[in-house]
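Residue-level structure breakdown
If you want the building blocks of each chain, they are given just below.
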Amino acid sequence: MTDDTSTSPAPRTGPAPRTGPAPRTGPLAGPTPPTARLQRWEIVAVFAVSLGASGLYALVSFIGSVTAKQSLSKQTATLNGSLAPGRPLLDLTMQLLNITLSLAPVFLVFYLLARAGERPSSIGLDARQPVRDLARGAVLAAVIGGSGLGLYLIAYHVGVELNVVAENLPDIWWRIPVLLLSAAQNATVEEVIVVGYLLSRLDRLGVRPSRAVALSAVIRGSYHLYQGVGAFLGNAVMGLIFGVLYRRWGRVTPLIIAHFLIDAVTFVGYALLAGHVSWLPKP
C-alpha cells in the first residue's frame, strides 16, 4: 500500500494579493499642478461667466449711449430696478433669486481654490481679524465713497456721465433689505473675483505685481462703463487702491466690508434723498 499524500497547495505566506490598481507613491501621489496654459484658461473661464461678460455688455451699452441722439446726462442707468412692476411679492421673489444666482461665480472660485488645496482664507476671506477688518473697511469706505460721489457729480455736470439711478424699487417694506442684500452681493462678487482670486492666480503665473493690479483695476472699471466715462475712471482708481492694499494686507475681507458700506450708503441714501436735495440728479 502506498501512503496517502495530500495534493492541496501549501498555504500562502506573506502579504495578501492586491485586488485593485496599485496606489500611487512618490512624486505622483498628490494632484498634478495645472500647467500655466490651464491656469490661463481657468481665469478666462471664470471671467467669461462673471465680470468679464459684464464688461462686454457694459462696453456695448456705453457705445449705444454715446451714439444715441440724447446727451449722456439726459440718459439714465438704473442699478436696482423693479423686476416685476405692480406685483410686489413676485418682485421680491425675483430680486432674491437674482441676488442669489449672482453669487454663483463666487462658489465657482471657492471650488477652484479647494481643488488647488486652498481655502477662502488663502485670499484673506475669513473672520480671524474682525475688529481690524471692520476698522480698515470703514475708513476705506469713507475715503473712497466721498471721493467717488464728488467725481460722479463732476462727471455728470460735465456731460460724460449718465444720470445714475441707484434704485427704483417700489416703496414697500422689503425695499431697504433688498438694497442691503444687493450691496452685499456686489461687494462679495467683485472683491473675491477681481481682487482675491485674480491677483492670487496672476501671482502663480509670475505676472509682475504692478501689471496684475493694473489689469484688475481696468477690469473693475470696464463693467461700470455703462454708467459713463466717470464711472469707468472712478472705479479703475478704486481698483488700483484696493489692489495695492490687498498686496499689503493679504486680506480681501476689509475690501468687501468697504465695498458693502459704499454701495449700502449709495443705495439707501439715494432712496431717502433723491428728489429732496438739489445737488443730487433727479431720477
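What counts as what
Residues numbered from 1 in each chain as written. Predicted model: local features only at pLDDT ≥ 70, side-chain atom pairs only at ≥ 80, totals over all residues. Heavy atoms only, no water. Helix = DSSP H or I, 4+ residues; strand = E, 2+ residues; numbered from the N terminus. Buried < 20%, exposed > 50% of the residue type's maximum accessible area, 1.4 Å probe, protein only. Areas by Shrake-Rupley, 256 points an atom, 1.4 Å probe, with all protein chains shown as cover. Contact = heavy atoms within 4.5 Å. Expected span 1.5 Å × (residues − 1). Phe/Tyr/Trp six-rings, centres within 6.5 Å; stacked < 30°, edge-to-face > 60°. Polar contact = N/O pair within 3.5 Å; in protein donor to acceptor, adjacent residues only side chain to side chain. Salt bridge = Lys/Arg side-chain N within 4 Å of Asp/Glu carboxyl O. Arc of directions from axis to C-beta. Axes fitted to C-alpha atoms, helices over the stretch in contact; angles between N-to-C directions. Parallel < 35°, antiparallel > 145°, perpendicular 65-115°, else oblique. Left-handed = near helix turned anticlockwise from the far one by under 90°. Nonpolar A, V, L, I, M, F, W, Y, C, P; charged D, E, K, R; others polar. pLDDT = per-residue confidence, 0-100.

**Things to note about the overall build of the protein chain**
Each helix and strand in the protein chain was counted, giving 9 helices and 2 strands. Put simply, the protein chain has 283 residues, and 39% of those count as buried. Put simply, the protein chain shows about 16600 Å² of open surface, and 65% of that area lies on carbon and sulfur atoms.

**Quick look at the environment of N235**
Relative to the helices and strands, N235 resides in helix α8 (residues 229-249). Judged by its relative accessible area of 14%, N235 falls in the buried class. Distance from N235 to A217, taken between C-alpha atoms, is 7.4 Å for residues 18 residues apart in sequence. With residues up to four places along the chain from it excluded, the contact list for N235 reads A217, R220, G221 and H224.

**Observations concerning helix α5 (residues 130-158)**
Look at α5: 41 Å from first C-alpha to last across 29 residues, which is about the 42 Å you get at 1.5 Å a residue. Within α5, burial applies to D133, G137, L140, A141, I144, Y152, L153, A155 and Y156. Packed against the buried residues of α5 are β2 (163-165), α8 and α9 (253-273). Once α5 finishes, G159 follows within two positions and takes phi at roughly 105°, a positive value.

**Topic: the packing of aromatic side chains**
In this structure the tally under the stated criterion is 2 aromatic pairs. Taken together, a centroid distance of 6.4 Å and an interplanar angle of 80° make the contact between F107 and F110 edge-to-face. Placement of the pair is F107 and F110 together in helix α4 (residues 104-115), with a separation of 3 residues, close to one helical turn. A relative accessible area of 56% places F107 in the exposed class.

**Notes on the environment of S82**
With respect to the helices and strands, the residue S82 is situated in the loop between β1 (76-78) and α3 (88-101). Once you skip the residues sitting within four places of it in the chain, S82 turns out to touch D91, Q95, N168, L169 and P170. In this structure the side chain of S82 is engaged in a polar contact, spanning 3.4 Å, whose partner is the backbone nitrogen of A84. There is a polar contact of 2.5 Å between the side chain of S82 and the side chain of D91.

**Details of the pattern of salt bridges**
Tallying each qualifying case throughout the model produces 11 salt bridges. Put simply, E118 and R204 hold a salt bridge, and the shortest N to O gap is 3.0 Å. Taken together, the residues span a long stretch of sequence, with E118 in the loop between α4 and α5 and R204 in helix α6 (residues 175-204) at a distance of 86 residues. Of the residues examined, R204 reaches a relative accessible area of 42% and is grouped as partly exposed.

**Observations concerning α4**
For α4, built from 12 residues, the straight-helix expectation of 16 Å at 1.5 Å per residue is met to within 8% by its first-to-last C-alpha distance of 17 Å. Residues P105, V106, V109, L112 and L113 constitute the buried set of α4. Buried residues of α4 fall within an arc of 120° about the axis and therefore sit on the same side. In α4, the exposed positions angled more than 90 degrees off the buried face are occupied by F107 and R115. Those residues of α4 hidden inside the fold are in contact with α1 (36-48), α3 and α6.

**A short note on the packing of α5 against α9**
The N-to-C vectors of α5 and α9 enclose an angle of 45°; their axes lie 7 Å apart at closest approach. The angle between α5 and α9 falls in the class oblique. For the pair α5 and α9, the crossing hand works out as right-handed. Counting all contacts with α5, which are made through D133, L134, R136, G137, A138, L140, A141, I144 and G145, the residues of α9 involved are T253, P254, L255, I257, A258, L261 and I262.

**Here we look at the packing of helix α7 (residues 209-222) against α8**
It is the contact of α7 with α8, at a shortest axis distance of 7 Å, that shows an interaxial angle of 145°. As for how α7 packs across α8, the hand of that crossing is right-handed. On α8, the residues touching P209, A212, V213, A214, A217, V218, R220, G221 and S222 of α7 are F232, N235, A236, M238, G239, L240, F242, G243, V244 and R247. Its residues assigned to classes, the contact of α7 with α8 comprises 12 nonpolar, 5 polar and 2 charged.

**A word on the confidence of the model for the protein chain**
The share of residues in the protein chain with pLDDT of 70 or more is 89%, and the mean pLDDT across the chain is 90. Low pLDDT, under 50, characterises residues 1-12; the stretch is placed with 0 contacts to residues that sit more than four places away or in other chains. In the model, residues 18-29 has pLDDT below 50 throughout and makes 2 contacts with residues more than four positions away in sequence or in other chains.

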